[in-house]
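# A closer look at the structure
Listed below, chain by chain, are the residues.
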Amino acid sequence: MSSDLRTSTSIVLFGPPGAGKGTQAGNISVATGKPQVSTGDMLRAAVKEGTQLGIEAKGYMDAGLLVPDSIIIGLISERMLQDDASGGVLFDGFPRTIAQAEELSKITDVSLVIMIEVPDEDIVERIVGRRMDPQTGEIYHVKFKPAPSDVSSRLIQRKDDTEDTVRSRLDAYHLQTKPLSEWYIEASKETQLRVISVDGRGGIEQVSELIEKELGR
Ligand code: AMP
């Protein structure tokens, strides 16, 4: 791993829904020593707890729409005050709009953006087959990563992982999130920011190796 990743700067894991960001984040977090900060996980926890924020966010999430920037920025600002964030974090699923990225740049320095590229036609199959173990948080896939038999009976499907909702999430990605990749590429021309792009079409191990190779450069 290159030494600059051990500094107090943050890393952004960027890509469409179903690109494997959550799956890859665990390894990257271990390799870089930075805690994973997933706005999706934080929102789902808030929905489960029934907090005011969770109640507000739920309708957007169920419809496959982005939660308003003000809510997300509030969540992240609070999270970044925690002790474990002082050395920078690994953002997973954040930022998702240019406005979020602009706000983020006021809170922490981003030194690396890892873009996982997966074409739309692969995304629906990936998301609709996705299952989660509620006990461990481990993510499986009915075809690409089947769960062991003692775990499979307790697996759950995320409420927004249905085909209809995936289409809305993909629309939101192309309209609101994808322009951010250009924004980061432009920013990398004028700053120390490094943007790397990884082909996310392979299996979990294969993509993981590609990312490790890039991190080691
Ligand atoms: P994820 O688990 O990252 O796919 O996020 C699940 C859902 O949470 C998304 O479809 C959005 O509704 C919401 N969400 C998560 N992160 C963000 C974000 N950074 N900005 C807006 N909405 C978000």
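Every residue gets a number counted from 1 within its own chain, in the order that chain's sequence is written. Thresholds applied to this predicted model are a pLDDT of at least 70 for local features of residues and 80 or more for the giving and counting of side-chain atom pairs; totals over whole chains, interfaces and linings are not thresholded and use all residues. Hydrogen atoms and water are omitted, and side-chain values are computed over all heavy atoms in the structure.

### Details of the overall build of the chain
Numbering of helices and strands starts at the N terminus; helices are DSSP runs of H or I of at least 4 residues and strands are runs of E of at least 2. Each helix and strand counted, the chain has 10 helices and seven strands in total. The C-alpha radius of gyration computed for the chain amounts to 17 Å, which stays within 12% of the reference 17 Å derived for 217 residues, consistent with globular compactness. Along the three orthogonal principal directions, the C-alpha set of the chain runs to about 50 × 40 × 35 Å. Expressed as a percentage of the 217 residues in the chain, the buried residues total 44%. Whether two residues are in contact is decided by their heavy atoms: any pair within 4.5 Å suffices. For the chain, the proportion of contacts with a sequence separation of at least 24, taken over those separated by at least 6, is 71%. Here, Shrake-Rupley sampling with a 1.4 Å probe gives the accessible areas, and only protein chains in the shown set may cover a residue. Accessible area for the chain stands at about 11,200 Å²; split by element, carbon and sulfur atoms hold 51% of it. With the radius of gyration taken over C-alpha atoms, the globule rule is written as 2.2 Å times the number of residues to the power 0.38. Think of it in three bands: residues with accessible area under 20% of the maximum for their type are buried, residues over 50% are exposed, and the middle band is partly exposed, with areas taken using a 1.4 Å probe on protein chains only.

### Notes on the pattern of salt bridges
What counts as a salt bridge is simple: a side-chain nitrogen of Lys or Arg found within 4 Å of a carboxyl oxygen of Asp or Glu. Within this structure, the stated rule accounts for 16 salt bridges. Of the charged contacts in the structure, one is a salt bridge between D161 and R130, with a shortest N-O distance of 3.1 Å. Of this pair, D161 sits in the loop between α7 (149-152) and α8 (163-177) while R130 sits in strand β5 (residues 130-132); the two residues are 31 residues apart in sequence, bridging distant segments of the chain. K189 is paired through a salt bridge with E186; the nearest N and O atoms lie 2.9 Å apart. In this pair, K189 and E186 both sit in helix α9 (residues 179-190), three residues apart, roughly one turn of the helix. The class for E186 is partly exposed, based on a relative accessible area of 37%. Look at the salt bridges and you will find they share partners, linking R130, R158, D160, D161 and R169 into a network.

### As for the packing of helix α2 (residues 39-49) against helix α4 (residues 69-79)
In the contact formed by α2 and α4, the axes pass within 11 Å of each other and the chain directions differ by 100°. In terms of their interaxial angle, α2 and α4 are classed as roughly perpendicular. Residues T39, M42 and L43 of α2 form the contact with α4, whose participating residues are I72, L75, I76 and R79. A breakdown of the residues in the contact of α2 with α4 according to their chemical character gives five nonpolar, one polar and one charged. Note on geometry: axes are lines fitted to C-alpha atoms, helical ones only across the stretch in contact, with angles between N-to-C directions running from 0 to 180 degrees. Roughly parallel here means an angle under 35 degrees, roughly antiparallel means over 145, roughly perpendicular means 65 to 115, and every remaining angle is called oblique. Ten residues, namely Ala, Val, Leu, Ile, Met, Phe, Trp, Tyr, Cys and Pro, are considered nonpolar, four, namely Asp, Glu, Lys and Arg, are considered charged, and the remaining ones, Gly among them, are considered polar.

### Some points on the nonpolar core
The definition of a nonpolar core used throughout is a set of buried Ala, Val, Leu, Ile, Met, Phe, Trp, Tyr and Cys residues joined through side-chain atoms within 4.5 Å. The biggest cluster of nonpolar side chains holds 26 residues, and the ones touching the most others in it are V12, F91, V113 and Y184. Every element with two or more residues in this core is listed here: β1 (10-14), α2, α3 (52-62), α4, α5 (98-107), β4 (110-117) and α9. In terms of residue count, α4 provides more of this core than any other element does, four residues in total. Once residues within four sequence positions are removed from consideration, F91 is found in contact with S10, I11, V12, L13, V37, I76, M80, L104 and T108. Judged by nonpolar contacts, the second largest core, of 20 residues, contains I11, I114, I116 and I211.

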